[in-house]
Amino acid sequence: MAAGLQSHIWNNNLKTIILLGLYPFLIIGIVWACALAFSYLSGFAPSPEGANFFASNIIGQYWPIITAIVIIWFIIAYLFHTKMIRKMSHSHPVTRAEEPELYNLFENLCISVGIKMPRLEIIETHARNAFASGINEKTFSVTVTRGLLQSLSKDEVEGVLAHELTHILNRDVRLLIITIIFTGMVGFAAQLAWSQLRYGLWIG
């Protein structure tokens, strides 16, 4: 049983490393596709062959810059992912004085599995949701929504918190950080590509 669990954790860590390694190539592919669409739709390269040549030429010239941007974004996400998650989810940390029942419930769960208590946060929304995040003991956190706390019983909330703790114990939360990195970079690239495409069509 323990060997199987450790294998599962090891496989998750391996998949995380593979995704991180493939991420620069994925971004380069997205840039290539955006350059292809821009050159063809704007009329800069009216034929598919010309658009393909233009996009490939862009990648050939600028792949070091693209790779450098990806590395910089990784560093930013690694250092500031907690603030990024909090800003995107509109969550806020809570203390024992603010939420004594929830805090004690969560603390008891952490004591029962022998881990340092992650930061506890709440999102003030009627939606029912919960998630874990972080990459190490200093940044691990569990976030729940106000709607979930109001709609579930104490035992059910305890079950949700226990479920989120398993993501921390198994290090599944690292995949969430990769998702945030991916979403942020792709969102930025999409906005840039759309602006360039709209500008190119307007000039035409």
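Residues numbered from 1 in each chain as written. Predicted model: local features only at pLDDT ≥ 70, side-chain atom pairs only at ≥ 80, totals over all residues. Heavy atoms only, no water.

Caption draft 1: Molecular detail of the overall build of the protein chain. For the protein chain, the count of helices and strands is 6 helices and 4 strands. Going residue by residue from the N terminus, the α and β elements of the protein chain occur as α-α-β-α-β-β-β-α-α-α. Considering the protein chain as a whole, with its 204 residues, one finds that 35% of them fall into the buried category. Once local pairs closer than 6 in sequence are excluded, the contacts in the protein chain between residues at least 24 apart make up 58%. Of the roughly 12500 Å² of accessible surface on the protein chain, 67% is carried by carbon and sulfur atoms. (Helix = DSSP H or I, 4+ residues; strand = E, 2+ residues; numbered from the N terminus. Buried < 20%, exposed > 50% of the residue type's maximum accessible area, 1.4 Å probe, protein only. Contact = heavy atoms within 4.5 Å. Areas by Shrake-Rupley, 256 points an atom, 1.4 Å probe, with all protein chains shown as cover.)

Caption draft 2: Highlighting a nonpolar patch on the surface. A contiguous nonpolar patch, built from I71, I72, I75, I76, Y78, L79 and F80 and spanning about 690 Å² of accessible area, is present on the exposed surface. Residue I71 is classed as partly exposed on the basis of its relative accessible area, which comes to 47%. (Patch = residues over 30% accessible without salt bridge, like charges linked within 9 Å, V, L, I, M, F, W, Y side chains within 5 Å. Salt bridge = Lys/Arg side-chain N within 4 Å of Asp/Glu carboxyl O.)

Caption draft 3: Looking closely at the side chain of S39. Residue placement: S39 occurs in helix α1 (residues 2-41). Given the relative accessible area of 0%, S39 is considered buried. A polar atom in the side chain of S39 sits 3.0 Å from the backbone oxygen of L36. Once residues within four sequence positions are removed from consideration, S39 is found in contact with F44, A45, A51 and F54. (Polar contact = N/O pair within 3.5 Å; in protein donor to acceptor, adjacent residues only side chain to side chain.)

Caption draft 4: Focus on the nonpolar core. If you look at the biggest cluster of nonpolar residues, it comprises 22 residues, and the most contacted ones within it are L102, F106, V144, L149, V157, L161 and I168. Listed by contribution, the elements that provide at least two residues to this core are α3 (100-113), β2 (119-123), β3 (130-133), β4 (141-145), α4 (146-151) and α5 (154-169). The contact partners of F106, leaving out residues within four places of it in the chain, are M117, P118, L120, V142, L161 and L165. By size, the runner-up hydrophobic cluster in this structure holds 7 residues, among which are I28, I59, I66 and F74. (Core = buried A, V, L, I, M, F, W, Y, C linked by side-chain atoms within 4.5 Å.)

Caption draft 5: Representation of α3 in the model. With 14 residues, α3 should reach 20 Å at 1.5 Å per residue; the first-to-last C-alpha distance of 20 Å fits that figure. Regarding α3, the residues found buried are L102, Y103, L105, F106, L109 and C110. Around the axis of α3, the buried residues are gathered within 165 degrees of arc, so they sit on the same side. Away from its buried face by more than 90 degrees, α3 exposes E101, I111 and S112. Buried positions along α3 lie against β2, β4, α4 and α5. Immediately downstream of α3, the backbone of G114 shows phi near 75 degrees, a positive value. (Expected span 1.5 Å × (residues − 1). Arc of directions from axis to C-beta.)

Caption draft 6: Looking closely at the sheet that holds strand β1 (residues 91-93). Taken in spatial order, the 4 strands line up as β1-β2-β4-β3 in an open sheet, and their pairing is mixed. For this open sheet the edge positions go to β1 and β3, each flanked by a neighbour on one side alone. Between one strand axis and the next, the sheet turns by 25 degrees as a mean value, whatever way the strands run. Across 4 bridges, β3 lies against β4 in antiparallel orientation. Residue pairing for β4: A132 is matched across the bridge by V142. Helix α2 (residues 48-89) contacts β1, β2 and β3 of the sheet and is inclined by roughly 25 degrees relative to β2. (Pairing = 2+ DSSP bridges. Axes fitted to C-alpha atoms, helices over the stretch in contact; angles between N-to-C directions.)

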